[in-house]
Amino acid sequence: MIVFDEILPVIAAILREHPGLAPFVINRDLSGRVRLIFSEKSQEDGNIGILAEKMSERLVPHGFPADKMVIFEPSLESVKENVPCFPLEGFENTAVVDRLALEADWSDMRPLSEGAPRIVFFSIKGGVGRSTAAAAAAWALAQKRQRVMILDMDLESPGLSTYLLPEERRPKHGIADWLVEDLVDNGDSLLDDMFALSELSHDGAIYVVPAHGKDPGEYVSKLGRVWMPKVCREGVRMSWTCRLERLLTQLETRLRPDVIFIDSRAGIDEISSACVTGLGAKKILLFASNSEQTWTGYNILFKYWLRTGVAAEIRDRLQMVGAMLPATDNVKYFNGLCERAWNLFRDSLYDEVPAGEVGENAFSYDKDEESAPHFPWKIRWNQEFSSLRSIHDRMMEIDGDEIDSIFGSLIGGVLSVIDTVKPLENKRGDAHE
């Protein structure tokens, strides 16, 4: 018997024994069991039956009986639509389709959004100050007359709104409420009551869209439904990632921000992938501490992007962030962090430049090149920002020099992403406050 990780190597070995087959799709279902899908035009090919026997015999328990191993469809292209799909390494005519419980896809890198630049705050594990950094960056941009819309997409561990809004200012509804109501065509009625203007806005505006409203209500029951796809009245099936994109676009139309921050859930799962790859982000900030858990997780993700052929699409949108650098021995710590990040990019996403060549057109950077995506933007650890309860009150009285000393590298990087500091002019009165 084989295990899941052996499925594709076993199939590749079988295919090397039977070259010249017609193009087909390897379909892995929700249980991790495999069927082969051929075009109807290939039904008379006797080699397919031989292949089915071999697959059935060697893929146990991840296969089917030989008479149920093969499916014929009118079009292979339709089989690959709207699902994770990547080529089987070494076989141009063979694709792998993964049927997953949710419909988000780490390999589906959506084109850049056309509106305000979207910046995703993401981490492999929690507890690295990701949400605190998003709040501080929003504060700093508002000081520069920027309109910031910030979404708390950490739906299973919400809390960003508590950093930026006192309880009395929190809106009636949140993202989870809209996603549930949208299933019954009632989402639009919530839009005007699911964001609030933070008191920390200063000369700009910080619009906070929380995970849930002031009264969470039956949040656990709602959370079990937010990831559902929606079947529209016309019969069109809309994934939850597409629904989330629709919500974001509607909020952007109302609030007209200069930049959108998306505080993603931590971890490698399909929910996080919707934020990282599914919303057309201009920059994806990868928060990291120098721990084995961090680098193991990012290595898994980077290798997946490389294997599924989307490395070139995503690599220039990534940026490492060195989270909570220690107050003492920070140079040694940062150098170690930078080296691990460089190794990660070099082994997966950077182009290989042969020795002696300049590689002017290659996507590759030296370890100490500060403009490189692997070179971490720094966030310094600070005792007063380590207590989540105190962040809102602390930021009410903080000055720019203190914020800059802790988050200056991150803030400067974010400003470079949005290109220019645009004045608010007279836009504030246009949005609901």
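1. As for the nonpolar core
Next up, step 1: Counting residues in hydrophobic clusters, the biggest one holds 67 residues, and the most contacted among them are L155, F302 and W305.
Next up, step 2: Dropping the residues within four chain positions of it, L155 is found in contact with I175, L179, A211, Y219, L223, V226 and W227.
Next up, step 3: Core analysis: the second largest hydrophobic core is formed by 41 residues, A135, W139, A196 and L200 among them.

2. So, the pairing of strand β12 (residues 259–264)
The two faces of a sheet get side chains in turn, since along a regular strand they alternate between them.
Next up, step 1: Where burial is concerned, most of β12 is hidden: 6 out of the 6 residues are buried.
Next up, step 2: Sheet analysis places strand β6 (residues 118–123) next to β12, joined by 4 bridges and oriented parallel. Residue pairing for β12: F121 is matched across the bridge by D263.
Next up, step 3: Pairing between strand β7 (residues 147–153) and β12: 6 bridges, direction parallel. In the sheet register, M149 faces β12, and the bridge partner there is I260.

3. Digging into the pairing of strand β1 (residues 24–28)
Next up, step 1: Within β1, 5 of the 5 residues are buried, which leaves the element mostly enclosed by the surrounding structure.
Next up, step 2: Going residue by residue along β1, you find F24, I26 and R28 tucked away on one face and V25 and N27 tucked away on the opposite face as well.
Next up, step 3: One ladder, built from 5 bridges, connects β1 with strand β2 (residues 34–39); its direction is antiparallel. Bridging across to β2, F24 finds its partner in F38.
Next up, step 4: Hairpin connection from β1 to β2: 5 residues lie between these consecutive antiparallel strands, with G32 at a positive phi of about 80°.
Next up, step 5: When β1 meets strand β5 (residues 94–98), the two strands line up parallel, connected through 5 bridges. Within β5, the residue paired with I26 across the bridge is V96.

4. Thoughts on the pattern of salt bridges
Next up, step 1: Applying the stated criterion across every chain, the model contains 20 salt bridges.
Next up, step 2: Linking R340 and E292 is a salt bridge whose minimum nitrogen-to-oxygen distance equals 3.0 Å. Taken as a pair, R340 in helix α12 (residues 330–348) and E292 in helix α10 (residues 292–307) lie far apart in primary sequence, 48 residues in all.
Next up, step 3: Residues R346 and D347 are paired through a salt bridge, measuring 3.1 Å at the closest nitrogen-oxygen approach.

5. Regarding the confidence of the model for the protein chain
Next up, step 1: Considering every residue of the protein chain, the mean pLDDT works out to 88; 91% of them sit at 70 or more.
Next up, step 2: Contacts for the low-pLDDT stretch residues 423–430, under 50 throughout, to residues beyond four places or in other chains number 20 contacts.

6. Thoughts on the packing of helix α1 (residues 7–17) against helix α2 (residues 46–58)
Next up, step 1: Put simply, α1 and α2 touch, their axes get as near as 11 Å, and they point 150° apart. As the angle between them shows, α1 and α2 are arranged roughly antiparallel. When the axes of α1 and α2 are compared, the crossing they make is right-handed. Two secondary-structure elements touch here, α1 through V10, I11, A13, I14, L15 and E17 and α2 through L51, K54, M55 and R58.

What counts and how
Residues numbered from 1 in each chain as written. Predicted model: local features only at pLDDT ≥ 70, side-chain atom pairs only at ≥ 80, totals over all residues. Heavy atoms only, no water. Core = buried A, V, L, I, M, F, W, Y, C linked by side-chain atoms within 4.5 Å. Buried < 20%, exposed > 50% of the residue type's maximum accessible area, 1.4 Å probe, protein only. Contact = heavy atoms within 4.5 Å. Helix = DSSP H or I, 4+ residues; strand = E, 2+ residues; numbered from the N terminus. Pairing = 2+ DSSP bridges. Salt bridge = Lys/Arg side-chain N within 4 Å of Asp/Glu carboxyl O. pLDDT = per-residue confidence, 0-100. Axes fitted to C-alpha atoms, helices over the stretch in contact; angles between N-to-C directions. Parallel < 35°, antiparallel > 145°, perpendicular 65-115°, else oblique. Left-handed = near helix turned anticlockwise from the far one by under 90°.

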